[in-house]
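Architecture and fold: a report
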Amino acid sequence: ENMILLRRMINVSVGTSGKVFKLTNDIDLENRLLDGCGAVRFNGTFDGQEHAILNLNIKSASLYTGLFGYTDSGVVIRDLTISNATVKCTGRYAAAFVGYGKNNGNQTSVLNCHLVGLIDISADGGDAAGIMGGGNSEIVEDTVDVVFESANFDGTCIRKGALALGMRTEASAKFEKGLDPMNTL
């Protein structure tokens, strides 16, 4: 219930500037559908304190869809795991943590955050990402740090899942072959 209250605060643009929000235990959202935050900006700090949000389910018809749809410069989101996430956006900029991270010289920082389990993120208008999306999180000439993310899929699980769901796709055909985990970056 506290996470839902926080999202309501963000949605109505109640001042979050300079405020610190701390997660004190794991939260299972039980796939309850949450509305997207849209262009309402989060301006504070969110400290997950090594806890997890389970079964996140967000659907939005606007831009900027994620646990935090739009973050302003200087925002810090840290020490949080999201396990099992569905984020659907009919606009642009969708991600599990931050749909769009603004960067005006003082970037949004997402530190020690993890996305695990079953992940389904899409943006009909493009720009879907896992952790943070948006043009301001791109690599440019003066970028100093770059983090690479890689995944390795259980080929047998992919094949059985595709067959059971009757959804054989180009992606399932590719990933069911599996990879040697030692060959991933």
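Just so we're clear, the structure is a prediction, and the values are computed from it rather than from any experiment.

Our next topic: the overall build of the protein chain. Along the backbone of the protein chain there are 3 helices and 9 strands. Starting at the N terminus and walking to the C terminus, you meet the elements of the protein chain as α-β-β-β-β-β-β-β-β-β-α-α. Looking at the protein chain as a whole, 37% of its 185 residues are labelled buried.

Turning to the nonpolar core, a few remarks are in order. Ranked by internal contacts, the top residues of the largest apolar core, which has 22 residues, are Phe46, Leu56, Ile77, Leu80, Ile82 and Phe97. Put simply, the parts of the chain that give this core at least two residues each are strand E5 (45-60), strand E7 (76-89) and strand E9 (109-123).

For the rest of this paragraph, the subject is the confidence of the model for the protein chain. Residue-level pLDDT values for the protein chain average 78, and 72% of them are 70 or greater. Considering each helix and strand of the protein chain separately, the mean pLDDT is smallest for helix H1 (residues 2-11), with a value of 61, and largest for E5, with 92.

As a further point, take the sheet that holds strand E4 (residues 41-42). Backbone-to-backbone hydrogen bonds join strands into a sheet, with any given pair of strands oriented parallel or antiparallel. Read from one edge of the open sheet, 3 strands run E4-E6-E8, paired in parallel fashion. Unpaired on one side and paired on the other, E4 and strand E8 (98-101) mark the two borders of the sheet. As defined by bridge partners, strand E6 (residues 68-71) adjoins E8 across 3 bridges and the pair is classed as parallel. Paired with Thr71 across the two strands is Gly101, which belongs to E8.

Let us now look at the packing of aromatic side chains. Summed over the entire model, instances satisfying the criterion amount to 8 aromatic pairs. Between Tyr64 and Tyr93, the ring centres sit 5.6 Å apart and the planes meet at 10 degrees, which makes this aromatic pair stacked. Of this pair, Tyr64 sits in the loop between E5 and E6 while Tyr93 sits in the loop between E7 and E8; the two residues are 29 residues apart in sequence, bridging distant segments of the chain. The same class applies to Tyr64 as to Tyr93, namely buried.

This brings us to the environment of Leu111. Mapped onto the elements, Leu111 comes out in strand E9. With a relative accessible area of 36%, Leu111 lands in the partly exposed category. Note: C-alpha distance between Leu111 and Val76 (35 residues apart in sequence) is 7.5 Å.

Of all 14 residues in E7, 10 are buried, a share of seventy percent or more. Strand direction decides the pairing type here: E5 and E7, joined by 12 bridges, are parallel. Across the sheet, the residue bridging to Asp47 is Arg78, located in E7. Bridge analysis of E7 against E9 gives 12 bridges, and the strand direction is parallel. Bridge pairing in E9 links Cys89 to Ala123.

What follows concerns the side chain of Ser83. Relative to the helices and strands, Ser83 resides in strand E7. Ser83 gets classed as buried once you look at its relative accessible area, which sits at 15%. Those residues in contact with Ser83 that sit more than four places away from it in its chain are Ile53, Leu54, Asn55, Leu56 and Val116.

Residue placement: Thr65 occurs in the loop between E5 and E6. The class of Thr65 is buried, set by a relative accessible area of 0%. Among all residues touching Thr65, those that are not within four sequence positions of it are Ile58, Ser60, Val87, Lys88, Cys89, Tyr93, Ala94, Ala95 and Gly99.

The rules we used
Residue numbers restart at each chain and count upward from 1, following the sequence in its written direction. Local features in this predicted model are restricted to residues whose pLDDT is 70 or higher, and side-chain atom pairs enter the listing and the counts only when it is 80 or higher, whereas totals over whole chains, interfaces and linings include all residues. The basis for the side-chain values is all heavy atoms of the structure; hydrogens and waters are excluded. Secondary structure follows DSSP: runs of H or I at least 4 residues long count as helices, runs of E at least 2 residues long count as strands, and numbering of each begins at the N terminus. Residue burial is assigned from relative accessible area. The probe radius is 1.4 Å, only protein chains are included, and a residue is buried under 20% of its type maximum, exposed over 50%, and partly exposed in between. Definition of nonpolar core: a set of buried residues of the types Ala, Val, Leu, Ile, Met, Phe, Trp, Tyr and Cys, connected through side-chain atoms within 4.5 Å. pLDDT gives the predictor's per-residue confidence on a scale running from 0 to 100. In short, DSSP must find at least two bridges between two strands for them to pair. Stacked, tilted and edge-to-face are the three classes applied to pairs of Phe, Tyr and Trp rings, where Trp contributes its six-membered ring and a pair requires centres within 6.5 Å; stacked means planes under 30 degrees apart, edge-to-face means over 60, and tilted covers the rest. Note on contacts: a residue pair qualifies if any of its non-hydrogen atoms lie within 4.5 Å across the two residues.

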